[in-house]
Amino acid sequence: MTTAAAKARRLEAISPWILLVLTLVIWQALCTGLQVSEFIFPSPLKIWEQIVEFRGEILKHAWRTYWVTMTGFGLAIVVGVLLGFLIGSSRLAYAAIYPLMTGFNALPKAAFVPILVVWFGIGVGPAVLTAFLISFFPITVNIATGLATLEPELEDVLRVLGARRWDVLMKVGLPRAMPYFFGSLKVAITLAFVGTTVSEMTASNEGIGYLLVSAGSSMQMGLAFAGLMVVGAMAMVMYEFFSFIEKRTTGWAHRGSQGH
């Protein structure tokens with residue numbers, strides 16, 4: 001690798017941090033220069049002060065949101081992979097199920113929260129299921145797409161060589177769907193945190209969503225923004241985690257970018 005290429009790779013790696021710092025500096029400068037009230041739009045320094053002051057409370061609620069989200073997300077992976085495999089491996093299933101799933105995905109998931117509260121009560125149940133409902137669709141669609149777009153010519157060649165339909169799906173279709181799968185995980189995990197937070201805002205007495213409502217009602221806008229930052233940070237960490245695994249397991253699918 002040339003020196004220029006190495007520098008480009010390093011710059012690419014730190015570019016998100018550069019942009020984050022630049023955004024925070026501009027944000028702080030605008031709040032200070034325009035003398036924006038902390039009760040309206042808190043500055044990054046005020047938000048940091050709130051994080052430090054209420055770190056114990058924030059950590060408790062963040063842990064609740066994290067494990068609830070990961071539980072719902074785990075269910076979404078299992079159901080999404082199984083359903084995606086079914087839809088992608090059968091033209092009949094694709095034609096029958098996909099339009100119905102598209103219609104279901106268009107429904108606002110926040111509207112399910114009151115129904116889930118009636119069924120499961122206030123607490124963990126609605127939050128887990130909301131995270132599941134909002135995140136399984138991208139996984140299903142991407143797995144189905146990866147399997148359904150297998151080249152007919154390749155499938156014909158494998159059939160001539162004696163491969164059965166199951167062999168084609170498992171040995172060619174499934175590996176081919178892996179880049180789609182990891183791409184869907186990176187999208188779905190962010191949606192899962194959204195689902196959990198929305199549910200906690202209306203159907204829980206714990207979690208970041210509950211913290212946001214409590215802070216807003218008591219006019220602690222710095223604490224409310226701190227909660228939002230924590231949710232964003234957890235989502236970013238999980239996104240980068242799946243991105244790391246993706247690069248280690250499906251590097252062959254990104255060979256065009258390896259030369260940069």
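Residue positions are counted from 1 within each chain, in the order its sequence is given. Per-residue local features of the predicted model are confined to residues with pLDDT of at least 70, and side-chain atom pairs are confined, for both listing and counting, to 80 or more; whole-chain, interface and lining totals are unaffected and use all residues. Based on all heavy atoms of the structure, the side-chain values leave hydrogens and waters out of the count.

## Focus on the overall build of the protein chain
At step 1: Numbered from the N terminus, helices here are DSSP runs of H or I no shorter than four residues, and strands are runs of E no shorter than two. Helix and strand counts for the protein chain stand at ten helices and zero strands.
At step 2: Counting helices and strands in the order they occur from the N terminus, the protein chain gives α-α-α-α-α-α-α-α-α-α.
At step 3: The burial tally for the protein chain puts 38% of its 260 residues in the buried class.
At step 4: Contact between two residues is taken to exist if any of their heavy atoms lie within 4.5 Å; hydrogens are not considered. Long-range contacts, defined here as pairs at least 24 residues apart, represent 74% of the contacts in the protein chain between residues at least 6 apart.
At step 5: Using the Shrake-Rupley algorithm and a 1.4 Å probe, accessible areas are obtained, with residue cover drawn only from the displayed protein chains. A total accessible area of about 14800 Å² is found for the protein chain, and carbon and sulfur atoms account for 72% of it. Burial classification: accessible surface area is computed with a 1.4 Å probe over protein chains only, and a residue below 20% of its type maximum counts as buried, one above 50% as exposed, and the rest as partly exposed.

## Things to note about the side chain of Thr69
At step 1: Along the chain, the position of Thr69 falls in helix H3 (residues 55-89).
At step 2: Contacts described as polar in this section are N or O atom pairs within 3.5 Å, which, within protein, must combine one atom able to donate a hydrogen with one able to accept it, while residues neighboring in sequence count only if both atoms come from side chains. Engagement of the side chain of Thr69 in a polar contact is seen with the side chain of Thr196, the distance being 2.9 Å.
At step 3: Ignoring sequence-local partners within four residues, the contact set of Thr69 consists of Ala131, Ala192, Phe193 and Thr196.

## Observations regarding the layout of surface pockets
At step 1: As defined here, a cavity is a set of points on a 1 Å grid over the protein atoms alone where a 1.4 Å probe fits but cannot get out. A pocket is an open set with protein on both sides within 12 Å along at least five of seven lines, and residues line them when an atom is within 4 Å of a point. Grid points are joined across faces, edges and corners, and a volume is the space filled by probe spheres set on the points. Roughly 410 Å³ of internal volume is contained in the second largest pocket.
At step 2: For the lining of the second largest pocket, the elements supplying multiple residues, two or more each, are helix H1 (3-33), helix H2 (44-53) and helix H10 (221-249).
At step 3: For the lining of the second largest pocket, the element with the most residues is H10, which contributes six residues.
At step 4: For this scheme, ten residues count as nonpolar: Ala, Val, Leu, Ile, Met, Phe, Trp, Tyr, Cys and Pro. Four count as charged, namely Asp, Glu, Lys and Arg, and the remainder, Gly too, count as polar. Within the lining of the second largest pocket, the residues separate by chemical class into eleven nonpolar, one polar and no charged.

## Examining the nonpolar core
Most often, soluble globular proteins have nonpolar side chains that are buried together.
At step 1: To define a nonpolar core, start from buried Ala, Val, Leu, Ile, Met, Phe, Trp, Tyr and Cys residues and group those joined through side-chain atoms within 4.5 Å. Core analysis: the biggest nonpolar cluster contains 43 residues, and Phe73, Ile139, Leu185, Phe193 and Ile208 have the highest contact counts within it.
At step 2: Contributing elements (two or more residues each) for this core: H1, H3, helix H6 (124-148), helix H8 (165-203), helix H9 (208-217) and H10.
At step 3: Here Leu185 is in contact with Phe73, Ile77, Ile139 and Phe242, once residues within four sequence places are set aside.

## What about the pattern of salt bridges?
At step 1: When a carboxyl oxygen of Asp or Glu is within 4 Å of a side-chain nitrogen of Lys or Arg, the pair counts as a salt bridge. Counted by the stated rule, this structure contains three salt bridges.
At step 2: Between Lys60 and Glu57 there is a salt bridge, with the nearest N and O atoms lying 3.6 Å from each other. Of this pair, Lys60 and Glu57 are both found in helix H3, three residues apart, which corresponds to roughly one turn of the helix.
At step 3: According to the relative accessible area criterion, Glu57 is partly exposed, its value standing at 37%.

## A closer look at the packing of H3 against helix H4 (residues 91-105)
Each packed pair of helices is defined by two parameters, the angle between the axes and the distance between the axes.
At step 1: Helix axes are fitted only over the stretch in contact, all axes being lines through C-alpha atoms; the angle between N-to-C directions runs from 0 to 180 degrees. Two numbers describe how H3 lies on H4: the axes approach to 6 Å, and their chain directions differ by 125 degrees. Between H3 and H4, the angle falls in the class oblique. Two secondary-structure elements touch here, H3 through Leu83, Leu86, Ile87 and Ser89 and H4 through Arg91, Ala93, Tyr94, Ile97 and Met101.
At step 2: Across the contact of H3 with H4, the residue classes tally to seven nonpolar, one polar and one charged. Working definition: roughly parallel below 35 degrees, roughly antiparallel above 145 degrees, roughly perpendicular at 65 to 115 degrees, and oblique for all remaining angles.

## Observations concerning unusual backbone geometry
At step 1: The backbone of Gln35 shows a phi angle near 50 degrees, a positive value even though the residue is not glycine.
At step 2: For Gln35, the position within the fold is in the loop between H1 and H2.
At step 3: A relative accessible area of 70% places Gln35 in the exposed class.
At step 4: We note that Met219 has phi near 60 degrees; this positive angle belongs to a residue other than glycine.
At step 5: As for its position among the elements, Met219 is in the loop between H9 and H10.
At step 6: Met219 gets classed as partly exposed once you look at its relative accessible area, which sits at 47%.

## With respect to the confidence of the model for the protein chain
At step 1: Confidence scores per residue from the predictor, reported as pLDDT, run from 0 to 100. This prediction gives the protein chain a mean pLDDT of 83; 86% of its residues lie at or above 70.
At step 2: Per-element averaging of pLDDT across the protein chain places helix H7 (residues 152-160) at the bottom with 59 and H3 at the top with 91.

## Here we look at a nonpolar patch on the surface
At step 1: Distance thresholds for patches are 9 Å for like charges and 5 Å for nonpolar side chains (Val, Leu, Ile, Met, Phe, Trp, Tyr), applied to residues having over 30% relative accessible area and no salt bridge. Among the surface-exposed residues, Leu11, Ile14, Trp17, Ile18, Leu20 and Leu24 lie close enough to one another that they form a single nonpolar patch of about 580 Å² accessible area.
At step 2: Turning to its location among the elements, Ile14 is positioned in helix H1.

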